[in-house]
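The residues making up each chain are set out below.
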Number of protein chains: 2
Amino acid sequence: MALTQTLDRKGQIQAAAQNLFRERGFAATSMRDLAKAVGIEPASLYSHITSKESILREICFHMADQFFEQLDQIDGQANPAEQLKQAIIGHISVIRKNYDASAVFLHEWRFLEEPNLGRFKSLRRDYEQRFRAILEAGQAAGQFRQMNMKIVLPTLFSSMNWAYEHVKPATLLPPEEVGETIWRLFVQGLEHK
Amino acid sequence: MALTQTLDRKGQIQAAAQNLFRERGFAATSMRDLAKAVGIEPASLYSHITSKESILREICFHMADQFFEQLDQIDGQANPAEQLKQAIIGHISVIRKNYDASAVFLHEWRFLEEPNLGRFKSLRRDYEQRFRAILEAGQAAGQFRQMNMKIVLPTLFSSMNWAYEHVKPATLLPPEEVGETIWRLFVQGLEHK
DNA sequence: CCTACCGATCGGTAGG
DNA sequence: CCTACCGATCGGTAGG
């Protein structure tokens with residue numbers, strides 16, 4: 001919401017929606033709440049957006065785009081552990097740059113309607129597979145232990161995704177510190193060698 | 001919902017609410033939805049419950065009770081790594097025994113009203129502190145490395161709490177396997193020694 | 001546990 | 001971007 005005054009009306013609506021959807025959830029946020037936050041009449045929202053769901057759709061798919069862009073920037077020549085480190089820090093950085101939107105992306109996507117819901121799930125699956133490929137490359141290279149991917153992969157994502165909650169933006173730890181710590185924990189474990 | 005037919009009406013309402021709140025969220029579930037699931041008229045719900053929020057309250061605090069009970073059963077004489085293992089497996093077991101309710105506990109608690117909301121947050125903080133104490137005991141004993149607890153603790157909880165999602169009940173891995181794998185990952189890490 | 005109903009609020013449209 | 005408004009639905013109560 002900090003940059004609201006520099007955005008056009010459509011951008012203001014998106015920013016206000018991200019904040020409200022994050023704080024109250026999609027279902028508990030009314031178009032009247034949203035209009036009030038923007039400072040216009042409820043009906044005027046529909047000059048800029050087509051439906052409540054269309055706002056959610058833009059938030060979710062814009063976040064998905066950013067997560068994929070980040071993945072495309074990691075060093076394909078690095079070893080798996082290093083690639084994993086870059087992917088983890090990148091993922092957390094995207095969350096941090098989109099404090100409200102990432103919470104919506106993570107929690108409110110289920111209110112998407114078909115066919116958007118199906119497309120969203122498909123993108124998310126693709127993204128998870130990219131991480132899985134890194135982990136499996138590490139196993140193939142003998143760097144990582146053989147562990148059940150059905151457990152390891154969701155554990156990794158859960159570990160990365162808490163970053164949006166628990167802590168307010170002002171007191172946030174730097175994404176690099178969070179990412180490095182999670183990576184070290186994940187790769188080396190808590191126990192002394 | 002499997003045992004609905006053996007429950008009294010109040011229990012049926014609770015079971016149906018857990019399922020609906022899990023699938024659609026608290027805000028998006030109407031009392032009419034709930035009544036339909038139970039097979040009575042909407043107004044009849046109020047013979048057994050006082051408000052929509054009171055159902056949520058019972059779910060959340062009943063789950064909290066179970067999490068604490070589980071913690072009280074771990075072996076206080078064991079070393080920190082072993083205590084951690086028992087606590088993790090116990091936590092995941094509670095989630096597994098309450099498939100619908102645990103999702104509600106984890107995601108819908110924010111729709112609690114004061115003073116319940118405050119009480120809930122306080123209980124959750126206490127619970128987290130119990131885990132923190134185990135981790136710090138491990139550090140004090142030289143068994144665990146010094147790491148930023150502000151990162152390690154939420155990472156641990158996130159890792160444990162994914163268990164309620166991603167996977168349908170029928171295909172669930174045994175809680176012991178999930179718990180042991182997460183514990184090993186958390187303590188030893190992914191990398192070969 | 002039901003019928004009947006309350007005032008409030010919902011997402012969205014018509015028409016300018 | 002506004003005024004005016006639509007039909008549908010909301011959580012909950014009265015009274016039996």
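Let me sum up the structure you'll find in this document.

The rules behind these values
- Residues numbered from 1 in each chain as written.
- Chains lettered and ligands numbered in written order.
- Predicted model: local features only at pLDDT ≥ 70, side-chain atom pairs only at ≥ 80, totals over all residues.
- Heavy atoms only, no water.
- Phe/Tyr/Trp six-rings, centres within 6.5 Å; stacked < 30°, edge-to-face > 60°.
- Helix = DSSP H or I, 4+ residues; strand = E, 2+ residues; numbered from the N terminus.
- Buried < 20%, exposed > 50% of the residue type's maximum accessible area, 1.4 Å probe, protein only.
- Near = heavy atom within 4 Å.
- Polar contact = N/O pair within 3.5 Å; in protein donor to acceptor, adjacent residues only side chain to side chain.
- Nonpolar A, V, L, I, M, F, W, Y, C, P; charged D, E, K, R; others polar.
- Contact = heavy atoms within 4.5 Å.
- Salt bridge = Lys/Arg side-chain N within 4 Å of Asp/Glu carboxyl O.
- Expected span 1.5 Å × (residues − 1).
- Lys, Arg positive; Asp, Glu negative; His and termini not counted.

### Describing the packing of aromatic side chains
Two aromatic rings are characterised by how far apart their centres lie and by the angle between their planes.
All names here are of chain A.
Stage number 1. In the structure shown here, the tally under the stated rule is 22 aromatic pairs over all chains.
Stage number 2. Seen from their ring centres, Phe-105 and Phe-120 are 5.3 Å apart, and the 65° between their planes marks the pair as edge-to-face. A residue pair is termed long-range when its members are at least 10 positions apart, and Phe-105 in helix 5 (residues 99–107) and Phe-120 in helix 6 (residues 116–140) qualify at 15 residues. Here Phe-105 matches Phe-120 in class, with each residue buried.

### Thoughts on the protein's contact with DNA strand D
Stage number 1. Taken together, 15 residues lie near DNA strand D, and Arg9(A), Ser44(A), Ser47(A), Met31(B) and Arg32(B) sit nearest.
Stage number 2. For DNA strand D, the backbone makes up 50% of the atoms found within 4 Å of the protein, where backbone means sugar plus phosphate.
Stage number 3. Side-chain polar atom of Arg9(A) to a phosphate oxygen of DNA strand D: 3.0 Å apart, as the coordinates give it.
Stage number 4. Between a base nitrogen of DNA strand D and a side-chain N or O atom of Ser47(A), the distance comes to 3.2 Å.
Stage number 5. Across the surface near DNA strand D, the residue classes break down as five nonpolar, six polar and four charged.

### Brief notes about the interface of chain B and chain A
Stage number 1. On the chain A side, the residues contacting the 42 residues of chain B number 42 residues.
Stage number 2. Linking chain B to chain A there are two salt bridges.
Stage number 3. The salt bridge involving Glu108(A) is made with Arg110(B); its shortest N-O contact spans 3.1 Å.
Stage number 4. Applying the counting criterion to the chain B and chain A interface returns 15 residue pairs in polar contact (both at pLDDT 80 or more).
Stage number 5. Those elements that provide at least two residues to the side of chain B that touches chain A are helix 1 (9–24), helix 7 (149–161) and helix 8 (175–188) of chain B.
Stage number 6. Ranked by the residues each element gives to the side of chain B that touches chain A, the list is headed by helix 8 of chain B, at nine residues.
Stage number 7. Split by residue class, the side of chain B that touches chain A holds 18 nonpolar, 13 polar and 11 charged.

### A few points about helix 7 of chain B
Stage number 1. Over its 13 residues, helix 7 of chain B runs 18 Å from end to end, which matches the ideal 18 Å to within 8%, given 1.5 Å per residue.
Stage number 2. Along helix 7 of chain B, the positions that sit buried rather than exposed are Met149(B), Ile151(B), Val152(B), Leu153(B), Pro154(B), Thr155(B), Leu156(B), Phe157(B), Ser158(B), Ser159(B), Met160(B) and Asn161(B).
Stage number 3. On the buried face of helix 7 of chain B, the contacting elements are helix 7 (149–161) and helix 8 (175–188) of chain A together with helix 4 (80–97), helix 5 (99–107), helix 6 (116–140) and helix 8 of chain B.

### What to know about the side chain of Lys52(B)
Residues and elements named next belong to chain B.
Stage number 1. Along the chain, Lys-52 falls in helix 3 (residues 52–71).
Stage number 2. Buried charged residue Lys-52 carries no salt bridge. Nearest counter-charge: Asp-33, at 7.7 Å.
Stage number 3. Apart from the residues lying within four places of it in its own chain, the contact partners of Lys-52 are Phe-26, Ala-27, Thr-29 and Met-31.

### Quick look at the side chain of Gln14(B)
Residue and element names in this part refer to chain B.
Stage number 1. Inspection of the secondary structure assignment puts Gln-14 in helix 1.
Stage number 2. Look at Gln-14 and you get buried, because its relative accessible area is 10%.
Stage number 3. Within the structure, Gln-14 has its side chain in polar contact with the side chain of Glu-58 (distance 3.3 Å).
Stage number 4. Among all residues touching Gln-14, those that are not within four sequence positions of it are Ile-55, Glu-58 and Ile-59.

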